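# Residue-level structure breakdown
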Amino acid sequence: KILCFVLVIKGGYAPFRLQRQQRFVFCVFSLSGFSVLSASLISQRQALGVLLCRGRRGERKSRIVEQSTLKEMRNRDSVLDLDDKSGVGGGVQDAYGEDSATEDQPVTPWTVSVASGYTLLRDPHHNKGLAFTEKERDAHYLRGLLPPVVLSQALQEKKLMHNLRQYKVPLQRYMAMMELQETNERLFYKLLVDNVEELLPVVYTPTVGEACQKYGSIFRRPQGLYISLKEKGKIFEVLKNWPEKTIQVIVVTDGERILGLGDLGCQGMGIPVGKLSLYTALGGVRPSACLPITIDVGTNNEQLLKDEFYIGLRQKRATGQEYAELLDEFMSAVKQNYGEKILIQFEDFANHNAFELLAKYRTTHLVFNDDIQGTAAVVLSGLVSALKLVGGTLADHTFLFLGAGEAGTGIAELIALEISKKTQAPVEETRKKIWLVDSKGLIVSSRKESLQHFKQPFAHEHEPATRLLDAVKAIKPTVLIGTSGVGKTFTKDVVEAMASFNEKPLILALSNPTSQSECTAEEAYTWSKGRAIFASGSPFDPVEYDGKVFVPGQANNAYIFPGFGLGLIMSGAIRVHDDLLLAASEALAVQVTEENYEKGLIYPPFSNIRKISAHIAANVAAKAYELGLASRLPRPQDLVQFAESCMYSPIYRSYR
């Protein structure tokens, strides 16, 4: 329960919280001209606040404020009982005025009390390191705890980027960035926002894959919630242990299919942590509103089970009813604890669970699977923008996928849906333009009985083909898309075959990390003699061929999910509809400029990602209002401007 008093000070007010932790209540105050020294410990049955103040002449005064019992106080209104319109900052209530204040207005560094001294330096939310001003060092008892120099945030950023560039091993950069996130949150996000193209591969793919593989060895401190089979029946209480209460986005994984690396069990936590870092840096969702969660049901990875440094349950994966019951308890507890509008993003679940979970909960929860839906949206956007280079409409092209799992079938279904909307043809008809190849070869109708349910809609009449090259020669696709998770599968013969019947073959090698990419950018451009339009899941350097420099695009989900999530939050959406994904794709496609096309790019540069995310969020929110899925009313007049106003700023704040 949150209780609040209002103190009238110099014509304004300063809200403070009465917070209860087990048997204690902490009463914290902030007064102009006074400093808080401590709070009293009291029983649950009493609501007594002890305010210790330091007067102007230095003398201490104590005052005990007697109130009614907690039971009586629960019935009283609080100025913190605000509706969703109270603040911005990624759609989260801004109870302390931190985001609604302008950058030149001072704010109070709240924790359970006003942070000061050594505690303030160890609080990543408020720590500024050597950037604390002389006035702040006096006000918050920092004298002697810091060297005398005062640095600007810009100079801190310059120094850290210099240090990061000295590391030759990507994992060392990753660890340095994670350490920074744990000690100085705003500086971490300032670095990431200002250097997104350089640091995105560090905090996410491909480096995060190696980090997950070695997570047990590099683990320092927990960065999210771990919910295992040991917590079955107590998940609601476990969620209460997380210190932040106004959560808006959860990214959850069970670690069974981490990127293209397979089952990494509990060590898959690096994925939710990395994704939510991008939610903040690229989409502007407040860090305090983000919660990374790993559900540990064991692992089938024998190497991890034998690893003495493995941090998860040492048992084979739970399946069937035991698994379903744990996930059901988790979904119910999340909704009970955080409400109807909490966005739950499923990440790196194995195919058999990913589709079932999405189908089961999409009608009762605000859920989004980035592997199925996010990948589909970003690839569809690339295809739409590529039409300006290859000509025609989507309906004029034939698509061949290598890989028929979550990503492959998710992309295929969204392409079919988009063609259906543009041509008014039934989806069943538009699917016939799309062919899939799995581990057993081309998916055809003669295999239909043995196929998993999500593959069956793409089983068409055709002769079987066991090899990708045979399928390419038989189908003659204009677009080749790799989602197999197996590297080096787009061979020279396959690329040359694509180039033999396409003037500009469109080749998307989407598997992550880089080692699992179906082919490299250099291979695609060289084998097609510079005619391929290429994009990949992981980044590749520019390639020079025949005197021309080609800049490969990156079909990175980070283009979509941060802006998509922000759009859901700021509109108060209660469900995810396929039309919202199409809206996100369209918003991204129109951000590609003529200058980008001249370089062969089908995606805009990441340097403008916050602007791109704002437009995606606005488009998604507009569609949510149109479909009646939005609960934030009235609708803002300028959704792009509103999206930008909701974005978290990593710039240091001045402290009172």
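The chain appears in an unreviewed UniProt entry as Malic enzyme from Davidia involucrata. The UniProt entry for the chain carries this comment under Sequence similarities (unreviewed entry): "Belongs to the malic enzymes family." The UniProt entry for the chain carries the following text under Function (unreviewed entry): "The chloroplastic ME isoform decarboxylates malate shuttled from neighboring mesophyll cells. The CO(2) released is then refixed by ribulose-bisphosphate carboxylase. This pathway eliminates the photorespiratory loss of CO(2) that occurs in most plants."

## With respect to empty space enclosed by the protein
A complete count under the given rule lists 3 cavities of 30 Å³ or more for this structure. By volume, the largest cavity amounts to about 130 Å³. Taken together, Tyr174, Met175, Met178, Glu179, Glu182, Tyr215, Ile218, Phe219, Arg220, Arg221 and Gln223 make up the full set of residues lining the largest cavity. Elements represented by at least two residues in the lining of the largest cavity include exactly helix 5 (170–183) and helix 9 (215–218). At 5 residues, the largest contribution of residues to the lining of the largest cavity is made by helix 5. Of the residues that constitute the lining of the largest cavity, the class distribution is 6 nonpolar, 1 polar and 4 charged.

## Quick look at the packing of aromatic side chains
Going through the model one piece at a time under the given rule, you end up with 13 aromatic pairs. For the ring pair Tyr525 and Phe550, a centre distance of 4.7 Å and an interplane angle of 20 degrees mean the geometry is stacked. Of this pair, Tyr525 sits in helix 20 (residues 521–527) while Phe550 sits in strand 18 (residues 548–550); the two residues are 25 residues apart in sequence, bridging distant segments of the chain. For the residue pair Tyr525 and Phe550, the accessibility class agrees, reading buried in each case. Members of the aromatic cluster, each reached through a chain of ring pairs, are Tyr525, Phe534, Phe540 and Phe550. Over the aromatic face of Tyr655 sits the side chain of Lys128, whose NZ or CZ is 4.8 Å from the ring centroid. The positively charged end of Lys476 is found above the aromatic ring belonging to Phe501, 5.8 Å away from the centroid.

Cut-offs applied
Residues numbered from 1 in each chain as written. Predicted model: local features only at pLDDT ≥ 70, side-chain atom pairs only at ≥ 80, totals over all residues. Heavy atoms only, no water. UniProt positions renumbered as here; feature names shortened; annotations may be inferred. 1 Å grid on protein atoms, 1.4 Å probe; cavity = no way out; pocket = protein on both sides within 12 Å on 5 of 7 lines; lining within 4 Å. Points joined across faces, edges and corners; volume = space filled by probe spheres on them. Helix = DSSP H or I, 4+ residues; strand = E, 2+ residues; numbered from the N terminus. Nonpolar A, V, L, I, M, F, W, Y, C, P; charged D, E, K, R; others polar. Phe/Tyr/Trp six-rings, centres within 6.5 Å; stacked < 30°, edge-to-face > 60°. Buried < 20%, exposed > 50% of the residue type's maximum accessible area, 1.4 Å probe, protein only. Lys NZ or Arg CZ within 6 Å of the ring centre and 35° of its normal.

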